[in-house]
Structures are given as C-alpha cells and as structure tokens.
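# Analysis of the macromolecular model
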Amino acid sequence: SEILGGGSTEVSIMHKGKCVDSRSFSIGTIRILKNLIAEDDWQAMRTWLKTTTREYDSTVIIGSGGNINKVFRLTRRKEGKPISLKKLKSIHAVLNSFTYDERIHLLNLRPDRADVIVPACEIFLSVMKWSKSDRLYVPLIGLSDGLIHILYEKHTNGENAASSAAAAGSLS
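Below is a short write-up of the structure. Model, not experiment: these values are computed from the prediction. (Residues numbered from 1 in each chain as written. Predicted model: local features only at pLDDT ≥ 70, side-chain atom pairs only at ≥ 80, totals over all residues. Heavy atoms only, no water.)

## Overview of a positive patch on the surface
- A cluster of basic residues, Arg46, Lys50, Arg54, Lys89, Lys129 and Lys132, forms a positive patch at the surface.
- With respect to the helices and strands, the residue Arg46 is situated in helix 2 (residues 39-53).
- Judged by its relative accessible area of 32%, Arg46 is partly exposed. (Patch = residues over 30% accessible without salt bridge, like charges linked within 9 Å, V, L, I, M, F, W, Y side chains within 5 Å. Areas by Shrake-Rupley, 256 points an atom, 1.4 Å probe, with all protein chains shown as cover. Salt bridge = Lys/Arg side-chain N within 4 Å of Asp/Glu carboxyl O. Lys, Arg positive; Asp, Glu negative; His and termini not counted. Charge placed at Lys NZ, Arg CZ, Asp CG, Glu CD. Helix = DSSP H or I, 4+ residues; strand = E, 2+ residues; numbered from the N terminus. Buried < 20%, exposed > 50% of the residue type's maximum accessible area, 1.4 Å probe, protein only.)

## Brief notes about the pairing of strand 1 (residues 9-15)
- The pairing of strand 1 with strand 2 (residues 18-25) spans 7 bridges and is antiparallel. Across the sheet, the residue bridging to Ser12 is Ser22, located in strand 2.
- Between strand 1 and the antiparallel strand that follows it, strand 2, lie 2 residues; Lys16 among them carries a positive phi value of about 55°. (Pairing = 2+ DSSP bridges.)

## A word on helix 4 (residues 85-97)
- Between its first and last C-alpha, helix 4 extends 18 Å over 13 residues, near the 18 Å set by a 1.5 Å rise per residue.
- Three or more residues of helix 4 are buried, namely Leu85, Leu88, Ile91, His92 and Leu95. With its buried residues spanning 125° around the axis, helix 4 presents them on a single face. Exposed side of helix 4, more than 90 degrees from the buried face: Lys86 and Ser97 are the residues found there.
- Looking at the packing, one finds that the buried side of helix 4 touches helix 3 (66-75), strand 4 (83-84), helix 5 (100-105), helix 7 (117-130) and strand 5 (135-137). (Expected span 1.5 Å × (residues − 1). Arc of directions from axis to C-beta. Contact = heavy atoms within 4.5 Å.)

## Re the environment of Leu95
- Counting through the fold element by element, Leu95 comes out in helix 4.
- Measuring from C-alpha to C-alpha, the distance between Leu95 and Leu107 comes to 8.9 Å, with 12 residues separating the pair along the chain.
- When residues no more than four places from it in sequence are discounted, the contact partners of Leu95 are Val71, Leu74, Arg103, Leu107, Leu109, Ile117, Val118 and Cys121.

## Looking at the packing of aromatic side chains
- A full pass over the atoms with the stated rule returns 2 aromatic pairs.
- Arranged with centres 6.2 Å apart and planes meeting at 70°, the rings of Trp42 and Trp130 form a pair that is edge-to-face. Of this pair, Trp42 sits in helix 2 while Trp130 is found in helix 7, placing the two residues 88 residues apart along the sequence. The pair formed by Trp42 and Trp130 is uniform in burial state, with each residue classed as buried. (Phe/Tyr/Trp six-rings, centres within 6.5 Å; stacked < 30°, edge-to-face > 60°.)

## Thoughts on the nonpolar core
- Ile27, Met45, Leu49, Val71, Leu88, Leu95 and Leu136 are the most contacted members of the largest nonpolar core, which totals 34 residues.
- Mapped by element, the contributors of at least two residues to this core are strand 1, helix 2, helix 3, helix 4 and helix 7.
- In terms of residue count, helix 7 provides more of this core than any other element does, 9 residues in total. (Core = buried A, V, L, I, M, F, W, Y, C linked by side-chain atoms within 4.5 Å.)

Next up, the structure:
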C-alpha cells in the first residue's frame with residue numbers, strides 16, 4: 001500500500017556547520033500507526049545513530065515539522081529554549097493518556113495531528129536516547145520559510161549575506 005506522508009524519518013548529523021552524514025529511515029508516524037515497521041528498521045536507526053554520534057561529546061537535536069512544533073507549543077517553553085528528554089517523556093505520557101477524540105476536544109489538536117503526534121514523540125524520544133542527547137531545539141520557522149529568508153537576504157544584501165544565512169539555515 002502507498003503511504004502519503006508520515007512514512008519516513010530523515011536524520012542528518014551536523015558538525016561545525018557541515019553535514020557529516022545523513023540517512024532516511026522507513027520509520028514514520030503513519031507506518032507506526034499501521035504497525036508497518038519491522039524491528040530491523042528500528043535496529044538500523046538505533047545502530048546508525050549510536051555509531052555515528054559516538055565520536056561527538058555533546059549531541060543536540062533540532063527537530064522540524066508540524067508534530068514537533070505542536071509538541072513544543074504544548075510545553076509552553078519560550079522560543080529558542082530546548083525541550084529536555086525528561087520534558088518530552090512527560091509530554092508523550094500526557095498525550096498518550098488521552099484518546100484520539102480527547103486530543104481533539106481537550107487539547108484542540110486538528111484531527112490530522114491528533115493521531116500522529118504520539119508516534120512522532122516516540123520517534124524523537126528514540127533519536128534523543130540513541131544519540132545520547134538531552135536537548136531538543138525546535139525552530140518555529142519552517143523549511144520553506146527559511147529558504148525564502150535566504151533568498152530574500154541574497155536579493156537584498158548580496159552574496160555574503162546569503163552565504164551566512166545558508167550556513168545558519170542548514171541547521172534547521
């Protein structure tokens with residue numbers, strides 16, 4: 001069967017502003033909900049993350065997408081402040097304690113978000129655990145907004161500003 005969205009997780013390892021490794025895993029929110037993920041897929045992500053992040057002293061996770069943006073808003077954290085592993089576990093437990101309908105009516109989640117937000121938390125929790133990270137940053141600017149910002153800077157300030165913005169934008 002074809003899966004539209006929610007079918008994979010993209011992970012990029014950045015060091016000193018450069019991408020040192022990147023992989024896509026067939027682990028996504030819809031696949032989790034439909035129980036379509038083999039244990040081998042989870043093991044492949046776990047092994048890759050542990051191996052790839054082993055050489056770095058401190059790992060910080062930067063999450064993007066609608067699910068983690070909503071989770072961030074539920075934490076009521078100030079923009080720019082990270083979510084700790086402990087806080088994400090707490091939010092996951094709260095979200096998981098509600099039914100789908102309760103997530104819609106009590107937490108004001110859209111129907112298309114209320115079902116996938118719990119497995120999204122599970123993916124982020126796994127990535128944090130396997131990379132030994134305790135900090136998850138959620139830039140509330142989307143990828144398309146970031147690209148528009150880079151293009152605007154390039155147009156208004158010339159190539160030097162665009163290079164700086166591109167370097168900063170590559171982290172989100």
